[in-house]
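A structural walkthrough
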Amino acid sequence: DTGVSQDPRHKITKRGQNVTFRCDPISEHNRLYWYRQTLGQGPEFLTYFQNEAQLEKSRLLSDRFSAERPKGSFSTLEIQRTEQGDSAMYLCASSRDGSSYNEQFFGPGTRLTVL
Amino acid sequence: GQNIDQPTEMTATEGAIVQINCTYQTSGFNGLFWYQQHAGEAPTFLSYNVLDGLEEKGRFSSFLSRSKGYSYLLLKELQMKDSASYLCAVRRNSSYKLIFGSGTRLLVRP
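Residues numbered from 1 in each chain as written. Chains lettered and ligands numbered in written order. Predicted model: local features only at pLDDT ≥ 70, side-chain atom pairs only at ≥ 80, totals over all residues. Heavy atoms only, no water.

Every other side chain in a regular strand lies on the same face of the sheet, so the side chains alternate between the two faces. All names here are of chain A. Side chains T110, L112 and V114 of strand 11 (residues 110-114) all project onto a buried face; the interleaved residues R111 and T113 project onto a face where none is buried. Bridge count between strand 2 (residues 10-13) and strand 11: four bridges; the pairing is parallel. When the bridges of strand 11 are listed, K11 appears paired with L112. Across three bridges, the pairing between strand 9 (residues 88-95) and strand 11 is antiparallel. Looking at strand 11, one finds that A88 is bridged to L112. (Buried < 20%, exposed > 50% of the residue type's maximum accessible area, 1.4 Å probe, protein only. Helix = DSSP H or I, 4+ residues; strand = E, 2+ residues; numbered from the N terminus. Pairing = 2+ DSSP bridges.)

Here it is in structure tokens:
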């Protein structure tokens, strides 16, 4: 399978703990995006990378959230001191410059539950 | 800012045609996307419009009017497997990120 992959698929944690998610984009996709989705809502943009550079970060993203893409391939999203409001599906997507529409391909997501 | 509106839910009958509308308000418009999302799964790309008019792709078509800030997704010959959420998203000139609406949950009944 050469699609976007995410790990883990599910994460249950206690409030106050730190969690880290990983995303592996489609090979040769230079752009990588993180979104968050809650039930009944569309995905909400968090941040995106072009190669290893983080080009944009949502103002909604608190200082507890940090993302990296150290070698321009996989990316990690870390949430420190988790809160119950962080419970959501975290989606990763990737796209490639030069494709017809620069459409984004989404991974299956990591579902986070904060108790 | 940006504002994207879609109906929350729609119901249609197998074999019929359904039109899902999306209105948006944004500056620096640079394309509108439609995605399909089955429950518990990732969104999958359906269509893209950046110029006015209709884009047809099999049973699915998408229309855009930039002057009206309006798009619709047309699904023909509905099948049970088309029951899903349909997400409208816009892209702006200044960024590659997508700004999504809340999605329209479509239920196809026999």
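From this point, the discussion proceeds with the structure in view.
All names here are of chain B. Strand order in the open sheet made by the five strands is 1-3-8-7-6, with antiparallel pairing throughout. Edge positions in the sheet fall to strand 1 (3-5) and strand 6 (53-57), since each has one partner strand and no second. With direction set aside, neighbouring strand axes in the sheet form an average angle of 15 degrees. Of the pairings in the sheet, the one linking strand 3 (residues 18-25) to strand 8 (residues 70-75) comprises six bridges and is antiparallel in character. Considered in strand 8, the bridge of I20 is made with L73. (Axes fitted to C-alpha atoms, helices over the stretch in contact; angles between N-to-C directions.)

In this section: the packing of aromatic side chains. The final tally for this structure, using the stated rule, is 20 aromatic pairs over all chains. The interplanar angle of 45 degrees and the centroid separation of 4.7 Å between the aromatic rings of F33(B) and Y48(B) together place this pair among those described as tilted. With F33(B) in strand 4 (residues 29-37) and Y48(B) in strand 5 (residues 44-49), the pair connects residues that are 15 residues apart, well separated along the chain. Judged by relative accessible area, Y48(B) falls into the buried class, the value being 13%. Aromatic rings pair up to connect Y33(A), Y35(A), F45(A), Y48(A), Y101(A), F106(A), F33(B), Y35(B), F45(B), Y48(B) and F100(B) into one cluster. Over the face of the ring belonging to F74(A) we find R22(A), whose NZ or CZ atom lies 3.9 Å from the ring centre. The cationic tip of R31(A) hangs over the ring face of Y96(B); the distance from NZ or CZ to the ring centre is 3.5 Å. (Phe/Tyr/Trp six-rings, centres within 6.5 Å; stacked < 30°, edge-to-face > 60°. Lys NZ or Arg CZ within 6 Å of the ring centre and 35° of its normal.)

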